[in-house]
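This is what each chain is made of:
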Amino acid sequence: MKTNKIPAELARPVKSLLLFCALIALWEFVIVAGNIPAYLFPSPSAIGQAFYAGLVSGLYLPHLQASVIEIILGFAAGAGLGFVLGVAISLNETVAYYLRPYVLVFQTIPKVALAPVIVLWFGLGMESKIVTAAIICFFPVMVNTATGLSSADPERVELLQAMGANRRQIFTYLRMPTAASYIFAGLEISVTFALIGVIVAEFLGAERGLGMLMQSMNFSMDVAGSFSIVLVLAVLGILFTWLISIARRRIIYWEQDHRREKAGGGAS
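Now for a quick tour of the structure. Quick caveat, the model's predicted, so the values are computed rather than measured.

## Focus on the nonpolar core
(1) Moving on: One finds Ile71, Phe75, Leu187, Leu210, Ile229 and Leu233 to be the most contacted residues of the largest nonpolar core, which totals 30 residues.
(2) Moving on: Of all the secondary structure elements, the ones that give two or more residues to this core are α3 (60-91), α6 (126-150), α8 (167-204), α9 (210-219) and α10 (223-251).
(3) Moving on: Here this core takes 10 residues from α8, the largest share from any one element.
(4) Moving on: In contact with Leu210, other than residues within four places in its own chain, are Tyr60, His63, Leu64, Ser67, Ile199, Glu202, Ile229, Val232, Leu233 and Leu236.
(5) Moving on: Among the nonpolar cores identified, the runner-up in size contains six residues, and Ile89, Ala96, Phe138 and Met142 belong to it.

## So, the pattern of salt bridges
(1) Moving on: Taken as a whole, this structure holds one salt bridge when the rule is applied.
(2) Moving on: Of the charged contacts in the structure, one is a salt bridge between Arg248 and Glu188, with a shortest N-O distance of 3.9 Å. Of this pair, Arg248 sits in helix α10 while Glu188 sits in helix α8, and the two are 60 residues apart along the sequence.
(3) Moving on: The class of Arg248 is buried, set by a relative accessible area of 17%.

## Notes on the packing of α8 against α9
(1) Moving on: Viewed as axis vectors pointing N to C, α8 and α9 meet at an angle of 50°, and their least axial separation amounts to 7 Å. When the interaxial angle is binned, α8 and α9 end up oblique. Seen from above, α8 lies across α9 with right-handed handedness. Mapping the contact onto sequence places Ile199, Glu202 and Phe203 in α8 and Leu210, Gly211, Met212, Met214 and Gln215 in α9.
(2) Moving on: Residues that form the contact of α8 with α9 fall into these classes: five nonpolar, two polar and one charged.

## A look at the layout of surface pockets
Empty space among the atoms can be located by rolling a probe the size of a water molecule over them.
(1) Moving on: The calculated volume of the largest pocket comes to roughly 210 Å³.
(2) Moving on: In terms of lining, the largest pocket is formed by Phe20, Ile24, Trp27, Pro44, Ile47, Phe227, Val230, Leu231 and Ala234.
(3) Moving on: No other element matches α10, which puts four residues into the lining of the largest pocket.
(4) Moving on: Classifying every residue of the lining of the largest pocket gives nine nonpolar, no polar and no charged.

## Regarding the environment of Leu236
(1) Moving on: Position of Leu236 among the secondary structure elements: in helix α10.
(2) Moving on: Using a relative accessible area of 7% as the deciding quantity, one classes Leu236 as buried.

Quick notes on the rules
Residues numbered from 1 in each chain as written. Predicted model: local features only at pLDDT ≥ 70, side-chain atom pairs only at ≥ 80, totals over all residues. Heavy atoms only, no water. Core = buried A, V, L, I, M, F, W, Y, C linked by side-chain atoms within 4.5 Å. Buried < 20%, exposed > 50% of the residue type's maximum accessible area, 1.4 Å probe, protein only. Helix = DSSP H or I, 4+ residues; strand = E, 2+ residues; numbered from the N terminus. Contact = heavy atoms within 4.5 Å. Salt bridge = Lys/Arg side-chain N within 4 Å of Asp/Glu carboxyl O. Axes fitted to C-alpha atoms, helices over the stretch in contact; angles between N-to-C directions. Parallel < 35°, antiparallel > 145°, perpendicular 65-115°, else oblique. Left-handed = near helix turned anticlockwise from the far one by under 90°. Nonpolar A, V, L, I, M, F, W, Y, C, P; charged D, E, K, R; others polar. 1 Å grid on protein atoms, 1.4 Å probe; cavity = no way out; pocket = protein on both sides within 12 Å on 5 of 7 lines; lining within 4 Å. Points joined across faces, edges and corners; volume = space filled by probe spheres on them.

Here you go:
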């Protein structure tokens, strides 16, 4: 007798969706049963209505566009600089000797605490948000790049040197493939940090952006509207992380091969 079972690939997403729906239903029940005022904690239905109203009216679009541009530019600048300095520190002892102390000192400073000064220096436009995002997402990429490049197997390095490989070839064919997973781990962290940095800078002052829109809603006691912005930011963060993961799978294609080999070995 055959039994209809949900495939293993679909079982986890289905269970996750059911858990999410249960949590939303519980949230709605607690708000309604407890008669909690909307200005203290809105219900999911109220947040959904505010989100729909924002979409239909086009309220989110200009602010979303501004924030996305700031996140992308800040992330690109911070990640690019972090990668370059990570390579320099890991491959050049002189650069590492002079730069590492300053990097360590600057790393201990809470980056969000610099946001008011950055807004003061660069104004209320996009520049201050881009700089804030770049500073915040710089360190994860730099540290992961330096760690990944330094984690290459010394025996393999010596083997390539014995075969006549130069430093560029060793970097290209050994150090970079070894460091790729570290670098993408840093990028996944940094893209979230870039989003946080932009929103914090927009809280402090901006001409437009999701952070500024949330701040204005808070002033007008539109708590459901503020939660709808949080929903937009959550979707935005998931989207950016998903794009990084897609790039990781395309670039570090051998990770997928190793996983398939392990899965095949376990099945056999």
